Amino acid sequence: MRVTILGSGFAVPSPNRAQTGILVETGKNRVLIDCGAGVLQRMAQAGNDITGITHVLFTHHHLDHDGEFMSLLKAMWLKGKRELMVLGPSETEEWLTKLMDAYPYMKGRLDLDITCLEDASQVSVGGAHLEARRNKHALDGLAYRIQDDKDSVVFSGDTAPCEGVKKLCDKSTDLLIHECSFLDSEGERFPDHTTPKGLGELVENLPVRRLVLTHFSPASENGIEEMVSVIARYFKGEIIPAEDLMVLEL
Ligand SMILES: [Zn+2]
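About the criteria used
Residues numbered from 1 in each chain as written. Predicted model: local features only at pLDDT ≥ 70, side-chain atom pairs only at ≥ 80, totals over all residues. Heavy atoms only, no water. Helix = DSSP H or I, 4+ residues; strand = E, 2+ residues; numbered from the N terminus. Phe/Tyr/Trp six-rings, centres within 6.5 Å; stacked < 30°, edge-to-face > 60°. Buried < 20%, exposed > 50% of the residue type's maximum accessible area, 1.4 Å probe, protein only. Pairing = 2+ DSSP bridges. Axes fitted to C-alpha atoms, helices over the stretch in contact; angles between N-to-C directions. Contact = heavy atoms within 4.5 Å. Arc of directions from axis to C-beta.

Enquirer: What exactly am I supposed to notice about unusual backbone geometry here?
Expert: With the exception of glycine, the majority of residues adopt a negative phi angle, and the majority of peptide bonds are in the trans configuration. Its identity as a non-glycine residue notwithstanding, A120 has a phi of 75°, on the positive side. Note that A120 resides in the loop between β6 (111-116) and β7 (122-125). Residues other than glycine seldom take positive phi values, yet L245 does so here, at roughly 75°.

Enquirer: I keep staring at the packing of aromatic side chains and nothing clicks. Help me out?
Expert: For any pair of aromatic rings, the description consists of the separation of the ring centres together with the inter-plane angle of the planes. One pass over the full model with this rule turns up five aromatic pairs. For the pair F58 and F69, a centre-to-centre distance of 5.2 Å together with 85° between the ring planes defines the contact as edge-to-face. Linking F58 in the loop between β4 (55-57) and α2 (63-66) with F69 in helix α3 (residues 69-78), this pair joins segments that are eleven residues apart in sequence. Seen from their ring centres, F58 and W95 are 5.0 Å apart, and the 70° between their planes marks the pair as edge-to-face. Here W95 lies in helix α4 (residues 92-102) and F58 lies in the loop between β4 and α2, a separation of 37 residues in the sequence. Judged by relative accessible area, which is 0%, F58 ranks as buried. Put simply, the rings of F10, F182 and F190 pair up and form one aromatic cluster.

Enquirer: Even after reading the chapter, I still don't get α3, so can you show me in this structure?
Expert: For an α-helix, 3.6 residues make a turn, and residues three or four places apart therefore share a direction. With respect to burial, α3 is a largely interior element, seven of its ten residues being buried. Those residues of α3 that sit buried are F69, M70, L72, L73, A75, M76 and W77. One or two residues past the end of α3 sits G80, with phi positive at roughly 95°.

Enquirer: In this structure, what is going on with the sheet that holds strand β5 (residues 83-88)? I would like to understand it.
Expert: Either a parallel or an antiparallel arrangement is found when strands of a sheet pair, and the pairing is made through backbone hydrogen bonds. With mixed pairing, the seven strands of this open sheet are ordered in space as β6-β5-β4-β3-β2-β1-β14. In this open sheet, the two strands that pair with only one neighbour each are β6 and β14 (246-249). If you compare each strand with its neighbour and ignore which way they point, the axes differ by 20° on average. Pairing between strand β2 (residues 21-26) and strand β3 (residues 29-33): five bridges, direction antiparallel. Counterpart to L23 in the pairing with β3 is L32. The strands touched by α3 are β3, β4, β5 and β6; relative to β5, the strand with the most contacts, the crossing angle is about 165°. α4 contacts β5 and β6 of the sheet and is inclined by roughly 145° relative to β6.

Enquirer: For this particular structure, what's the right way to read α4?
Expert: Those residues of α4 that fall on the buried side of the exposure criterion are T92, W95, L96 and M100. Buried positions in α4, seen along its axis, are confined to an arc of 135° and lie on one side of it. Of the exposed residues in α4, those oriented more than 90 degrees away from the buried face are K98 and A102. Check the buried side of α4 and you find it contacts α2, α3, β5 and β6.

And the structure:
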């Protein structure tokens, strides 16, 4: 399994970080998790052809996670791609129907196979196993575990520290990608997100090998060293602050 961080940023622009996008390559599958602004360009910079994406998986429908999806569809169509699997929380189908109404010239360009997921959903993505768990955010969202015959990755989505991520990591997990949007000093203002202390307490006893921090706000970007040192008091595995275009081989 190969994981590429396409975007490690937040909803407001950063010169160094696109909004959320993670590419998970497992077997013949290319699963794009979330598609915020900047992800298409990052795909090109990473040398990944967008027509190779087999599945797009949404954690939730805030704009910094889905805002570039219609642009992705248009680009895929222009490059001759004709079908795509789309998975996400329960509102995904209605969201996409409304988008197609707003951009009628895109209707029917690709054959979209849409699957709406809920807490504890388990489905196959190609040969890999996908498990969804409800996380804890302003808008209903899902965290995911993707497991193939060798490796596993969990992505928290946007969330406060939650039971859903714990459940997904209750067995040996190679890589947990968890949002760490804010410093502890900012945490009370943003209860729908995670700060280093909360993340440290969450992962302290989980069987996770490597922890990737992502979804940095501009303020937290300047405090990443501090974040890592706080989490390291709890978590003894490797802690990796995400950067755009970072590739993690599992
Ligand atoms: Zn977000």
